[in-house]
Number of protein chains: 2
Amino acid sequence: MADERDPAAAAQLFKALADPVRVQLLALVRRAPSGEACFCDLAAEFDMPQSSLSHHLKILVNAGVLTRERRGTWSWYQVEHAALDTMEQMLRPGGPLRDEPVEHQHQG
Amino acid sequence: MADERDPAAAAQLFKALADPVRVQLLALVRRAPSGEACFCDLAAEFDMPQSSLSHHLKILVNAGVLTRERRGTWSWYQVEHAALDTMEQMLRPGGPLRDEPVEHQHQG
């Protein structure tokens, strides 16, 4: 699992969500009715060139936050929970990037 | 709280940890014996100009991940848990960026 012992891997995961467009893409895909969103539908939500949107989607896919499946003309995207779980676990109190819960820190 | 409704604020938080140096800085500060680390001690861990290290620390402080206190010649840094809590809560299953736990997704 990526953590502080592999700072580059941890940073790459967080970088996936370090852009407002990518945060919005994740939100759109997770809310898609069937649990998957077509590139065509995502493109309709953003006023930007399709090449820029593809670039952001590629970063999310490479980080493991989304999966991509090509069907006919379009790609379809689903949320992949493993990467999000890894990030959440790193940030959890007592996790690899955190101390024990705050209430214990000023004891002893 | 920063979340998908404010993608820029969410992205800025994740950007704080989107660099290996900043992941390492967080890990060093949280492990400092007294709960705080001096700039002088942090600088000794990195083979980079002090101005670059200051830049990374400033990003962490601006995002609320570290707090900075100046005493005499040096700045001292402590982990500030609020920003890390916010990120963790966004990533938690059922949180603003996540669906309910995976086992519920294919029902109904």
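Residues numbered from 1 in each chain as written. Chains lettered and ligands numbered in written order. Predicted model: local features only at pLDDT ≥ 70, side-chain atom pairs only at ≥ 80, totals over all residues. Heavy atoms only, no water.

Some thoughts on the sheet that holds strand E2 (residues 66-71) of chain B
Residue and element names in this part refer to chain B.
- If you trace the three strands from one edge of the open sheet to the other, you get E1-E3-E2, paired in antiparallel fashion. With partners counted over all chains shown, the strands left at the sheet margins are strand E1 (37-38) and E2, one partner each.
- Where E1 and strand E3 (residues 74-79) come together, two bridges link them in antiparallel fashion. Note that in E3 the partner of Cys-38 across the bridge is Trp-76.
- Most of the contacts of helix H2 (residues 20-31) go to E3, to which it runs at about 90 degrees, and overall it touches E1, E2 and E3. (Pairing = 2+ DSSP bridges. Helix = DSSP H or I, 4+ residues; strand = E, 2+ residues; numbered from the N terminus. Contact = heavy atoms within 4.5 Å. Axes fitted to C-alpha atoms, helices over the stretch in contact; angles between N-to-C directions.)

A word on the packing of aromatic side chains
Residue and element names in this part refer to chain A.
- If you walk through the whole model with that rule in mind, you get two aromatic pairs over all chains.
- Ring centres 6.2 Å apart and planes at 15 degrees place the aromatic pair Phe-39 and Trp-74 in the stacked group. Residue Phe-39 is found in helix H3 (residues 39-43), and its partner Trp-74 is found in strand E3 (residues 74-79); the two are separated by 35 residues along the sequence.
- Residue classification places Phe-39 among the buried positions, given a relative accessible area of 7%. (Phe/Tyr/Trp six-rings, centres within 6.5 Å; stacked < 30°, edge-to-face > 60°. Buried < 20%, exposed > 50% of the residue type's maximum accessible area, 1.4 Å probe, protein only.)

Observations concerning the sheet that holds E3 of chain A
Residues and elements named next belong to chain A.
- With antiparallel pairing, the three strands of this open sheet are ordered in space as E1-E3-E2. Looking at strand neighbours, the two that pair on one side only are strand E1 (37-38) and strand E2 (66-71), the edges of this open sheet.
- Sheet topology note: the E2/E3 ladder contains six bridges and is antiparallel. Note on E3: the bridge partner recorded for Thr-67 is Gln-78.
- Relative to the sheet, helix H4 (residues 50-62) contacts E2 and E3, its axis offset from that of E2 by approximately 120 degrees.

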